[in-house]
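Here are the chains, one letter per residue:
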Amino acid sequence: MQFKSKIDESKLQETHKMLQEILNFVDKISLLMFKKEILVTSLFRPKTDDSGVHALGRAADIRTVDYFTTKQITVLVFLINSMYVYDAPRLNYNVALYHRVEGNTWHIHIQVHDNTKIIW
Ligand SMILES: [Zn+2]
């Protein structure tokens with residue numbers, strides 16, 4: 001697993017334990033299937049209007065642009081959401097999203113909740 005920022009890398013241990021587990025899972029799958037480590041571009045972000053769960057240590061962004069093909073992205077997002085449920089009473093929320101926030105590029109956003117767990 002690689003990090004865009006050294007500061008984020010040093011703070012990984014302070015993030016939610018389930019986020020760490022899922023990042024390790026995605027990294028292993030990516031290495032196994034696509035022969036490349038994931039690149040985490042954003043972990044903790046200061047609290048702002050749009051920082052959301054990043055401010056709480058419950059989210060990570062993974063590079064996709066010039067990194068994964070569309071099929072690879074689809075497979076990664078599908079596998080993560082097949083393995084983990086974000087919060088069972090709120091099934092409209094997913095752990096992994098492929099999205100673009102205004103002013104940013106497309107990326108895989110991973111988020112966890114205290115209720116996030118493996119499905120089986
Ligand atoms: Zn994000």
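See the structure above.
Residues numbered from 1 in each chain as written. Predicted model: local features only at pLDDT ≥ 70, side-chain atom pairs only at ≥ 80, totals over all residues.

1. Quick word on the overall build of the protein chain
When helices and strands are tallied, the protein chain shows three helices and seven strands. Ordered by position from N to C terminus, the α and β elements of the protein chain give β-α-α-β-β-α-β-β-β-β. What you see for the protein chain is a C-alpha radius of gyration of 13 Å, in line with the 14 Å of a compact globule of 120 residues. Overall size of the protein chain, expressed as C-alpha extent along the three principal axes, is 35 × 35 × 30 Å. Taking all 120 residues of the protein chain together, 25% fall into the buried category. (Helix = DSSP H or I, 4+ residues; strand = E, 2+ residues; numbered from the N terminus. Rg over C-alpha atoms; globule rule 2.2 N^0.38 Å. Buried ≥ 20, exposed ≤ 12 C-beta atoms within 10 Å, placed from the backbone.)

2. A word on the sheet that holds strand β2 (residues 39–42)
Strand order in the open sheet formed by five strands is β1-β2-β3-β6-β5, with mixed pairing between adjacent strands. Where the open sheet ends on each side, the last strands, each with one partner, are β1 (2–3) and β5 (96–99). In this sheet, strand β3 (residues 59–63) lies alongside β2 in antiparallel orientation, the contact comprising two bridges. Each residue of the ladder has a partner; that of Val40, found in β3, is Ile62. Contacts from helix α3 (residues 70–83) reach β5 and β6 (107–111), with the element oriented near 150° to β5. (Pairing = 2+ DSSP bridges. Contact = placed C-beta atoms within 7 Å. Axes fitted to C-alpha atoms, helices over the stretch in contact; angles between N-to-C directions.)

3. Some details on the pairing of β2
Bridging between β1 and β2 involves two bridges; their strand directions are parallel. Bridging from a neighbouring strand, Phe3 pairs with Val40 of β2.

4. Section: the environment of Ala96
Take Ala96: it is sitting in strand β5. Separated by 13 residues in sequence, Ala96 and His109 place their C-alpha atoms 5.7 Å apart.

5. Overview of the nonpolar core
Within soluble globular proteins, side chains that are nonpolar generally end up buried alongside one another. Counting 19 residues, the largest nonpolar core has Leu19, Ile22, Leu23, Ala60, Ile62 and Ile110 as the members making the most contacts within it. Those elements that place two or more of their residues in this core are α2 (17–34), β3, α3 and β6. The element that contributes the greatest number of residues to this core is α2, accounting for five residues. The contacts of Ile110, once residues within four sequence positions are left out, are Leu19, Ile22, Leu23, Ala59, Ala60, Ile62, Ile80, Val95 and Ala96. (Core = buried A, V, L, I, M, F, W, Y, C linked by C-beta atoms within 7 Å.)

Interpretation note: all reported values are geometric properties and have no functional meaning in isolation.
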